[in-house]
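What follows is the residue order along each chain.
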Amino acid sequence: MRANILVVLLVLLVGIGASLLLIPHSGELALQKFRDRDYDSARAVYEQRYAAGDRSGTTVMPLTRLSLAQGDVERTIALTEEFVAAEPSSVEARELLNRLYQDAQRPGDYLENLKALAELRHSADLYRDLAYAAGFRNRMALKVEALTRYCTLRPDDVEAPQELAALLAARGDPTGAVDWLLRADDRAKGEIQPDSRELLMSLLIDLDREEEAFDRARRWLGENPTVADMIGLASQLAAASRPDLALRLIEPQVTGRNPVLALELTYIDLLIAADRREEARTRLSALPGPVEDVQFGRLLALEVNAGLLRPALAATKGRDLHLVPDWVLAGLAESALREGDRSFPDRLYRELGDEFLDDYPLLAANIALGRGDPAAAAGWAERGLAGGGLTPGDQLAAIRILDRAGRHGAATAAFDRLPLSGGIPDEQLEELAALFIDLDRAPTGLSWFTARRQTTPSPAAGQGWARLAAKAGDPTAVADWLAGQPKLPIGLLQDIAGSAAERAVNSPSAAALALAASQRAFALDPSPRSRLALANALTATGKPAEALPLLAPLLADGGTEVEAAYIAALAGAGRSEELTRHLTAKLAKGNLSDADQQAIVTMLLDDKAYRAALPLLRSWAEGQGGDWLGVYADAAAKANALPDLAALLQSRAAAAPLAEAEDALYRDTLTTLGRKADLRRYLLARATDSRLPADKRREPVSALLTLGDKAGAEQALQRLAAGQGPQSEDFRQLAYLWGPRPPAAGLDWIEARAKAASSPAEQAAWYDRLAEYGGGRRVIAGLAGQGAAPVQPALKAPYIEALAAAGKGKELAQALRTAVPEEAAPDRLRRYARLAEQTGQRAAAAQAWTALLARKPDDADALRQLGMLAYDENRLADAERLLRRYVATGPDDYEAYYFLGEALTALKRPAAAVPFYRTALSQLRHRAGRGDAAVQTEANLLNRLGKVDDAVALFEGLRKRRPTDRQLRADYASMLIENGRLPEARRVLALP
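Reading guide: rules and limits
- Residues numbered from 1 in each chain as written.
- Predicted model: local features only at pLDDT ≥ 70, side-chain atom pairs only at ≥ 80, totals over all residues.
- Heavy atoms only, no water.
- Helix = DSSP H or I, 4+ residues; strand = E, 2+ residues; numbered from the N terminus.
- Buried < 20%, exposed > 50% of the residue type's maximum accessible area, 1.4 Å probe, protein only.
- Contact = heavy atoms within 4.5 Å.
- Areas by Shrake-Rupley, 256 points an atom, 1.4 Å probe, with all protein chains shown as cover.
- Expected span 1.5 Å × (residues − 1).
- Core = buried A, V, L, I, M, F, W, Y, C linked by side-chain atoms within 4.5 Å.
- Axes fitted to C-alpha atoms, helices over the stretch in contact; angles between N-to-C directions.
- Parallel < 35°, antiparallel > 145°, perpendicular 65-115°, else oblique.
- Nonpolar A, V, L, I, M, F, W, Y, C, P; charged D, E, K, R; others polar.
- Salt bridge = Lys/Arg side-chain N within 4 Å of Asp/Glu carboxyl O.
- Polar contact = N/O pair within 3.5 Å; in protein donor to acceptor, adjacent residues only side chain to side chain.
- Left-handed = near helix turned anticlockwise from the far one by under 90°.
- Patch = residues over 30% accessible without salt bridge, like charges linked within 9 Å, V, L, I, M, F, W, Y side chains within 5 Å.
- Phe/Tyr/Trp six-rings, centres within 6.5 Å; stacked < 30°, edge-to-face > 60°.
- pLDDT = per-residue confidence, 0-100.

Mind showing me how you'd approach the overall build of the chain here?
Secondary structure summary: the chain contains 59 helices and zero strands in total. The proportion of buried residues among the 992 residues of the chain is 44%. Taking as baseline every contact in the chain between residues at least 6 positions apart, the subset at least 24 positions apart corresponds to 48%. As displayed, the chain offers around 50000 Å² of accessible surface, 51% of which is attributable to carbon and sulfur atoms.

Got a minute to help me understand helix 28 (residues 459-472) in this structure?
Every α-helix carries 3.6 residues per turn, so stepping three or four residues along brings you back to the same face. Here helix 28 contains 14 residues, and its C-alpha end-to-end distance of 20 Å stays within 8% of the 20 Å for a straight helix at 1.5 Å per residue. For helix 28, every residue scored as buried is listed here: Ala461, Gly462, Gly464, Trp465, Ala466, Arg467, Leu468, Ala469 and Ala470. Looking at the packing, one finds that the buried side of helix 28 touches helix 26 (429-438), helix 27 (442-455), helix 29 (475-483), helix 30 (490-502) and helix 31 (508-524).

Looking at this model, I keep getting lost on the nonpolar core. Mind explaining?
Nonpolar side chains tend to gather and get buried jointly when the protein is soluble and globular. Among the nonpolar cores identified, the biggest contains 161 residues, and Phe344, Ile399, Phe415, Leu432, Phe449 and Ile496 are the most heavily contacted of them. In contact with Ile399, other than residues within four places in its own chain, are Leu385, Ala411, Ala414, Phe415, Leu418, Leu435 and Leu439. Leu883, Leu904, Val935 and Leu958 belong to the second largest nonpolar core, which has 63 residues in total.

Before we go on, may I ask you to explain the packing of helix 40 (residues 660-672) against helix 41 (residues 676-687) in this structure?
To describe two helices that pack against each other, one gives the angle between their axes and the distance between the axes. Running from N to C, helix 40 and helix 41 cross one another at 155°; their axes reach a closest spacing of 9 Å. With respect to each other, helix 40 and helix 41 are oriented roughly antiparallel. When helix 40 is examined against helix 41, the residues Asp663, Tyr666, Arg667, Leu670 and Thr671 are found in contact with a partner set consisting of Asp678, Leu679, Tyr682, Leu683 and Arg686. Its residues assigned to classes, the contact of helix 40 with helix 41 shows five nonpolar, one polar and four charged.

What is the right way to read the pattern of salt bridges from this model?
A side chain with one charge may pair with a side chain of the opposite charge, provided their charged atoms come close. A full pass over the atoms with the stated rule returns 39 salt bridges. We note a salt bridge from Arg128 to Glu163, for which the minimum N-O separation is 3.1 Å. With Arg128 in helix 8 (residues 124-136) and Glu163 in helix 10 (residues 159-170), this pair connects stretches of sequence that are 35 residues apart. Judged by relative accessible area, Arg128 falls into the buried class, the value being 13%. With its nearest N and O atoms 3.4 Å apart, the salt bridge here joins Arg881 to Asp878. Pair noted here: Arg881 and Asp878 are both in helix 53 (residues 876-887), with a separation of three residues, about one helical turn. Sharing partners across several salt bridges, the network here consists of Arg830, Arg834, Glu837, Lys856, Asp859 and Asp861.

Which parts of the structure should I look at to understand the environment of Arg94?
Along the polypeptide, Arg94 turns up in helix 6 (residues 91-103). Excluding residues within four positions of it along the chain, Arg94 makes contact with Val84, Pro88, Asn113, Ala116, Leu117 and Leu120. Of the polar contacts made by the side chain of Arg94, one reaches the backbone oxygen of Pro88; its length is 2.9 Å.

Please clarify how helix 9 (residues 140-153) should be interpreted in this entry.
The end-to-end C-alpha distance of helix 9 is 20 Å, a good match for the 20 Å that 14 residues give at a rise of 1.5 Å each. For helix 9, the full list of buried residues reads Leu142, Lys143, Val144, Ala146, Leu147, Tyr150 and Cys151. The elements touched by buried residues of helix 9 are helix 7 (107-121), helix 8, helix 10 and helix 11 (174-187).

I'm lost on the packing of helix 31 against helix 32 (residues 528-540) in this one. Help?
Two numbers describe how helix 31 lies on helix 32: the axes approach to 8 Å, and their chain directions differ by 160°. Judged by the angle between their axes, helix 31 and helix 32 are roughly antiparallel. Viewed along their axes, helix 31 and helix 32 form a crossing whose handedness is left-handed. Packed against helix 31, whose contacting residues are Ala514, Leu515, Ser518, Gln519, Ala521 and Phe522, the element helix 32 presents Ser530, Arg531, Ala533, Leu534, Ala537 and Leu538 at the interface. Among the residues forming the contact of helix 31 with helix 32, the class breakdown is eight nonpolar, three polar and one charged.

I tried to follow a nonpolar patch on the surface on my own but got confused; where do I start?
A surface patch of nonpolar side chains, amounting to about 240 Å² of accessible area, comprises Ile977, Leu982 and Leu989. On the basis of relative accessible area, Ile977 is assigned to the partly exposed category, the value being 45%.

Whenever I open this one, the packing of aromatic side chains confuses me. Can you help?
When we look at a pair of aromatic rings, we describe it by the centre distance and by the angle of the planes. Applying the stated rule across the entire model yields eight aromatic pairs. Measuring from ring centre to ring centre gives 4.8 Å for Phe415 and Phe436, while their planes differ by 85°; the resulting arrangement is edge-to-face. Of this pair, Phe415 sits in helix 25 (residues 408-416) while Phe436 is found in helix 26, placing the two residues 21 residues apart along the sequence. By relative accessible area, Phe415 is classed as buried at 3%. On the numbers, 6.4 Å between centres and 80° between planes, the contact of Phe436 with Phe449 is edge-to-face. Pair noted here: Phe436 is in helix 26 and Phe449 is in helix 27, with a separation of 13 residues, a long-range link.

What is the right way to read the confidence of the model for the chain from this model?
Mean pLDDT for the chain: 78, with 87% of residues reaching 70 or above. Note on residues 1-25: pLDDT under 50 across the span, and two contacts to partners over four residues away in sequence or across chains.

When you look at the environment of Glu81 in this model, what are you seeing that I'm missing?
Its location among the elements puts Glu81 in helix 5 (residues 73-86). The class for Glu81 is partly exposed, based on a relative accessible area of 28%. The residues touching Glu81, leaving out its near neighbours within four places in the chain, are Leu97, Tyr101 and Arg106.

Sorry if this is basic, but what is going on with the side chain of Thr80 here?
Looking at the secondary structure, you find Thr80 in helix 5. Here the side chain of Thr80 touches Thr76 through a polar contact of 2.7 Å, landing on its backbone oxygen. Sequence-distant contacts of Thr80, defined by excluding residues within four places in its chain, comprise Thr64, Ala93, Leu96, Leu97 and Leu100.

How should unusual backbone geometry be read in this particular structure?
What is expected of a backbone is that most residues other than glycine have negative phi and most peptide bonds are trans. Positive phi outside glycine occurs at His122, with the angle close to 50°. On the basis of relative accessibility, which here comes to 46%, the residue His122 falls in the partly exposed class. Although it is not a glycine, Lys908 sits at a positive phi angle of roughly 65°. Given the relative accessible area of 73%, Lys908 is considered exposed.

Structure (structure tokens):
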């Protein structure tokens, strides 16, 4: 019997052990849930195993996939990184990490992981990807390493070694670059890229392997080279600064033969590059007849480089200059200018414009001056100065051009920016001194030249000092220096005399210097120029009468300088009438150049003979405008001829919109003349002139308002706003003029804009404004076609706004029923709900709040309003749910807490309501300026919290203030009855 019992026990134990083996372990359980797609449960199990310290692949890899499937990329990356740290040779993990780094946009981590993965897999494709990624991150050393490994694994790829070679060359490894290029060239059988060929040539030459470069090039040519191959390889050798090798390469193909023109020109180019110019000129001269267009530009370039400028200029006749390179044209233009030939520069401007001289600003400026175009000259000079590539001498020349072009201010500013130093050569010192004087920088120049004389004495430095000292220094010192210089240039003496004469009025020593210098100049050379200088000195030193006889012989052919000196002498001698007669007569003779006419007019203006100058000034103002219009306006004002100026400006305004300066001048003129009606008409015309940009049409509006022309301002703003939209600044200004209730005409205009809108969105925006300004019924009439709401989604909003403004609650509710389901914007839904509430449409409001809550589940407004609606409709459970979600955000809203408590109380859960009552009471008591309604709410809260006596006290106070309020008495009595205080309730209700 005992043996049987032991057998039974043994069988039981075996059965229990077997059953234990059938129970799934945590790993099996997780895998089972994973396979059953119960991802949340599976992830929870794997997370537990991971937290318990299980870092094996059977735990980490499923956990990473579950995290990734659930969008937790950062957790996936962290898990994979930890796994890779423990298992760095896991290819599967590193491949996953690569994709994760790419998705997370972590290029640095991606690059390092890709490097490790490439080394693990030893894959050529991965090394290629690594090279691209390293280049993108500017990790050039890594890119070199990756490309090297790739090229080793893929020797059949001839493109990659060329890329690697270029990279090695850029990183200072020419030997390695050459090695890879030679491998690529051998594998490609000489068919590597032209850039790689050029690089290989250059590197071989730099490594003193010229013969190897030459042999390689000859191999590329083969036994029967084409012209294109010969030219290409020769050009590559020339680009590597070895034209001699290029000549050796193609010389056998041209010696004793009659090569094609392209090869012959290449050979000549190489001769010039190798400084064998005489041979080049001989071969150029031997070329037969005119060449075709395709070779013409190159031929001229070779002639210029070879020094054959005259033949090159002659060759341009009758040919299209567009075929010639710009630098060749520039060289030919410089040569023509030096020889006084302006026909070629004129032709360049006529046929090509000035773009071809972009790289030669000074040349372009001189050409422009020669063509009488000072504005263009100034532009070129400024461009040259801004470029920063001019020599000191060229900088001075550019500044002089600016001054000659009438841009004195710009010339002065550029001169002040010059970093003057001892590097200015002596031959530029005369021009430097002249610029110091002409640009009103004489004191600064005197200091500079004084220092230059001390550090680097020279005759040029001394003469420059004398010029400036005569202008701004000690005249006595200059006179002493002058006495010690037996031979000086006439021009210098004249400049000293002129500068000293300017100071003669206030300085006797300067007067003495002026006379001494001018007399010495006249004695040395009694030329018209010396005579003029002496006459100027006499006039400046108070002896104009003595100057007149010297000037009289010069008047016939003396030009503007003589005229100026003669006029100054006449003015100095007090002969004003004679001066005016002289100038007027000179103008009447005609046949004067523009410069002469301008000089005479300037003299008349200086002599205040404004009437005499007006006719010519008006013609210039009419023809050219600009500065001449300003000069004419000034003269007309001084001559009391403003009506003529107004007429001129009116005619110009009729032809085209006036420029800013002219516009201001016309307004000022009309204002001065008191012609307000004309000014209003002009301003309105300018404000509505479609030829002007909007900002120029906008500005006259304020001027119209200043003149009291509100109607004109409105008209102008309507024109501006019509093409923009109701959100534009112009419409806002127009609406401001109309005020909060625009006139009927304004509403008509807004309605017309809405009807003319090109899109529903634009139409809706205009209708919004129309409703806002009291035109709601117009909006309803315009949008409710056939008595139905508009179909376009964009038009529903203004239609609903208009219905609300018109108080049409029923129609509003109907419109909302169709608009709310289609609306996705939370702010718009909120607005719809508010409008429905304002018009008493509770159901429509609830629909809008519900739609808003569906789109924004935590929206406080929607939760509150829906909760309040639910309470009002005795849906107490909904009220509790919604108001609880609302108050969870902690709002300062005692009403919400109060009604949540009321809902709980009505649901027979008064204990749960107490915390909300307390919060409501606390918030209510912290409010400032509480009204009777708030006091009554406080009384109700005190009642709910069991403080009945305090509630009674508040109700008593309210009853005293509002003895006739029946509802108050009813609420008070209801509270008393609720608390069993019936006698007091009878008293309140006045019952027996």
